[in-house]
Amino acid sequence: AGTQDQILAVKKAEIFPALVSILKRGQFEMKKEAVWAISNATCNVKKSMDIIRYLSNQTVIAPICQFLKTEDPETLKVALEGLGNMLEVGSRDMRLGVNACAEIIEECGGLDLIEELQKHDNEDVYNKAVALLENYFDTREEGEEDPSTA
């Protein structure tokens, strides 16, 4: 994933905006590498909170969500890990009870894609998708009671 100094050097060299551009417009193999690079930069949430906030401001969340349509389990796991790290920082930064990262994921259709991954054949992909849904989204059906308040 690189050291914190290496990640900061990538930020200082303004490489992240180029990676976001690749995620939005690149060919599949290039997008895949961009997802890995961005997710790697989010690996150590405690040390990378500022980087994760910076990436969220670079509109990286929606393109990563669109990458959840791929069938490649390894890339799906990496994308889910990166989104999970961003969601964790979003939950730490919540304002007025709203996780901005979760809100972006919902708005761009990413929540639907994560829900679909509960049907994925790969157990790791399934487990990561379920963990994100349980930890960061209210996925109860309408009228279903919240178990924490029952």
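Scroll up for the structure.
Reading the values: rules and limits
- Along each chain, residues carry numbers from 1 onward, in the same order as the chain's sequence is written.
- Side-chain atom pairs in this predicted model are given and counted only at pLDDT of 80 or more, local residue features only at pLDDT of at least 70, and totals for whole chains, interfaces and linings cover all residues.
- The basis for every side-chain value is the complete set of non-hydrogen atoms in the structure, without hydrogens or water.
- Candidate patch residues must exceed 30% relative accessible area and have no salt bridge, after which like charges are joined if within 9 Å and Val, Leu, Ile, Met, Phe, Trp or Tyr side chains if within 5 Å.
- To be clear on the numbers: accessible area is Shrake-Rupley with a 1.4 Å probe, and residue cover counts the displayed protein chains and nothing else.
- A side-chain nitrogen of Lys or Arg and a carboxyl oxygen of Asp or Glu constitute a salt bridge if their distance falls within 4 Å.
- For the purpose of counting charges, residues Lys and Arg are taken to be positive, whereas Asp and Glu are taken to be negative. His and the chain ends are not included.
- Just so you know, the charge point we use is NZ for Lys, CZ for Arg, CG for Asp and CD for Glu.
- For helices the rule is a DSSP run of H or I covering at least 4 residues; for strands it is a run of E covering at least 2, with both sets numbered from the N terminus onward.
- Throughout, exposure labels follow a simple rule: accessible area from a 1.4 Å probe, protein chains only, divided by the maximum for the residue type, with under 20% read as buried, over 50% as exposed, and the rest as partly exposed.
- Whether two residues touch is decided by their heavy atoms; if any such pair falls within 4.5 Å, the residues are in contact.
- Stacked, edge-to-face and tilted are the three classes for Phe, Tyr and Trp ring pairs, Trp counted by its six-membered ring, which pair at centre distances within 6.5 Å; planes under 30 degrees apart are stacked, over 60 edge-to-face, the rest tilted.
- For a lysine, the NZ atom is tested; for an arginine, the CZ atom; a charge sits over a ring if that atom is within 6 Å of the ring centre and within 35 degrees of the ring normal.
- All axes here are fitted lines through C-alpha atoms, helices being fitted over the stretch that makes contact, and every angle between N-to-C directions spans 0 to 180 degrees.
- By the definition adopted for this analysis, an angle is roughly parallel if under 35 degrees, roughly antiparallel if over 145, roughly perpendicular if from 65 to 115, and oblique otherwise.
- Here the term charged refers only to Asp, Glu, Lys and Arg, the term nonpolar to Ala, Val, Leu, Ile, Met, Phe, Trp, Tyr, Cys and Pro, and the term polar to all other amino acids, Gly among them.
- Residues grouped as a nonpolar core are buried Ala, Val, Leu, Ile, Met, Phe, Trp, Tyr and Cys residues, joined through side-chain atoms within 4.5 Å.

Q: What am I meant to see in a negative patch on the surface here?
A: Together, Glu103, Glu106, Glu107 and Asp112 give the surface a local cluster of negative charge. Take Glu103: it is sitting in helix α7 (residues 100–107). Residue class for Glu103 comes out partly exposed when judged on its relative accessible area of 40%.

Q: How should the side chain of Thr75 be read in this particular structure?
A: Within the secondary structure, Thr75 sits in helix α6 (residues 73–92). Of the residues examined, Thr75 reaches a relative accessible area of 0% and is grouped as buried. Ignoring sequence-local partners within four residues, the contact set of Thr75 consists of Lys32, Trp36 and Phe67.

Q: Explain the packing of aromatic side chains here, please?
A: Each aromatic ring pair is specified by the distance between its two centres and by the angle formed by the two planes. The full count for this structure, using the stated rule, is two aromatic pairs. Relative to Phe67, the ring of Phe28 lies with its centre 5.5 Å away and its plane at 5°, an arrangement referred to as stacked. One end of the pair, Phe28, is in helix α3 (residues 28–41); the other, Phe67, is in the loop between α5 (61–66) and α6, and 39 residues separate them in sequence. Taking the relative accessible area as the measure of exposure, Phe28 reaches 39% and is therefore partly exposed. Positioned over the ring face of Tyr54 is Lys11, at 4.9 Å from the centre of the ring.

Q: Which parts of the structure should I look at to understand the packing of α6 against α7?
A: The packing of two helices is summarised by the inter-axis angle and the distance between the axes. Direction vectors running N to C along α6 and α7 enclose 135°, while the axes themselves pass 7 Å from each other. Classified by the angle between their axes, α6 and α7 sit oblique to one another. Here Leu83, Met86 and Leu87 of α6 lie close against α7, whose contacting residues are Cys101, Ala102 and Ile105. Residues belonging to the contact of α6 with α7 are distributed by class as follows: six nonpolar, no polar and no charged.

Q: I tried to follow the nonpolar core on my own but got confused; where do I start?
A: Inside soluble globular proteins, nonpolar side chains tend to come together where they are buried. Counting 41 residues, the largest nonpolar core has Val60, Leu68, Ile105 and Ile114 as its most contacted members. The set of elements that each furnish at least two residues to this core consists of α2 (16–25), α3, α4 (45–57), α5, α6, α7, α8 (110–116) and α9 (123–136). Counting residues per element, this core draws most heavily on α6, at eight residues. Setting aside residues up to four positions removed in sequence, Ile105 forms contacts with Ile61, Cys65, Leu83, Leu87, Gly110, Leu111, Ile114 and Phe137.

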